[in-house]
Amino acid sequence: MIINKTPREIELMRQAGKIVALTHQELQKHIRPGVTTKELDDIAEKFIRSHDATPSFKGYNGFSGSICVSVNEELVHGIPGKRALNDGDIISIDIGANYQGYHGDSAWTYPVGDIDKDTQKLLEVTEASLFEGLKQVKPGNRLSDISHAIQKYVEPYGFTIVREYGGHGIGQNLHEDPHISNFGPPNKGPRMKKGMVLAIEPMVNLGERYVRTLSDNWTVVTEDNSNCAHFEHTVVVTDDGYEILTKV
């Protein structure tokens, strides 16, 4: 069931989203060779709690981190730990914040030092595909219009769309209906209505589209160990389009 949010709920989610965006800004200051993913997690948790919020992911289905940190071939759900970043790596940081019972959720993939041209293009295309998908967010359009726009933008560059994961509704629960694929034909699924809050998140691989989950039962990696990127914003459907909630 898709839950449309009230103006009060949207305002709380706007505050949650702002905390997420500010946390991304704070972490960017610390992304450099030598820093560990656990150090980034500690910074994020302290920062989120200092803004009267709690990390949405901490304890979620047993997840041990406050944020998801996924490096290079790791697509999503990377567990913070001892891994230190190296020059030329990329790191996807997925942040959720719970503010007065409502969640904000946003992911971004960052370069660590100097990265190769193919990986730089992967990041540029995946980020751009997010905003291509967002162009379809408006009352009356169908959910798969978002999916189709993302796929149509990404694939001509030779990159591949991960099909096992996608976007979702969000509110009092971190994951709500509907599921939003990053591929597929247009004009399918429910029509968007004012007040829907959606997390749109393209996940794109440099190589083949296939992924697998490691033995920790969380970290998702590419089958061919190619680099991958993940970008996400939480948005609310407005009268004639959308508003990004996960921004400053």
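**Student:** Quick question: what am I supposed to make of the sheet that holds strand β11 (residues 211-213) here?
**Tutor:** Pairing between sheet strands relies on hydrogen bonds along the backbone, with the strands arranged either parallel or antiparallel. Here 3 strands make up an open sheet; going across it, the order is β3-β12-β11 and the pairing antiparallel. In the strand order of this sheet, the two ends are held by β3 (74-76) and β11, each with one partner. On average, adjacent strands in this sheet sit at an angle of 40 degrees to one another, irrespective of strand direction. As paired elements, β3 and strand β12 (residues 220-222) share 2 bridges and run antiparallel to each other. Across the sheet, V76 pairs through a bridge with V220, a residue of β12.

**Student:** What is the right way to look at the packing of aromatic side chains in this model?
**Tutor:** Here the distance between the centres and the angle between the planes together describe a pair of aromatic rings. Counted by the stated rule, this structure contains 3 aromatic pairs. With centroids separated by 5.0 Å and ring planes inclined at 75 degrees, the aromatic side chains of F63 and W218 adopt a geometry described as edge-to-face. One end of the pair, F63, is in the loop between β1 (54-55) and β2 (68-71); the other, W218, is in the loop between β11 and β12, with 155 residues separating them in the sequence. Note on F63: relative accessible area 3%, which makes it buried. Look at Y153 and Y157: their rings are 5.5 Å apart centre to centre, the planes differ by 45 degrees, and that puts the pair in the tilted class. Over the ring of F183 we find R163; its NZ or CZ atom is 4.3 Å from the centre of that ring.

The rules we used
- Each chain carries its own residue numbering, running from 1 in the direction its sequence is written.
- Only residues with pLDDT of at least 70 are given local features in this predicted model, and only at 80 or more are side-chain atom pairs given and counted; all residues enter the totals for whole chains, interfaces and linings.
- Water and hydrogen atoms play no part in the side-chain values, which are based on all heavy atoms of the structure.
- DSSP-based pairing: two strands are paired if at least 2 bridges between them are found.
- Under the scheme used here, helices are H or I runs from DSSP no shorter than 4 residues and strands are E runs no shorter than 2 residues, and both carry numbers assigned from the N terminus.
- Angles here are taken between N-to-C directions and fall from 0 to 180 degrees, while the axes themselves are lines fitted to C-alpha atoms, restricted in helices to the stretch in contact.
- Side-chain rings of Phe, Tyr and Trp, where Trp is taken by its six-membered ring, are said to pair if the distance between their centres is within 6.5 Å; with planes under 30 degrees apart they count as stacked, over 60 as edge-to-face, and otherwise as tilted.
- Each residue is placed in one exposure class: buried if its accessible area under a 1.4 Å probe, protein chains only, is under 20% of its type's maximum, exposed if it is over 50%, and partly exposed if it falls in between.
- Both a distance and an angle decide whether a charge sits over a ring: NZ of Lys or CZ of Arg must be within 6 Å of the ring centre and within 35 degrees of the ring normal.

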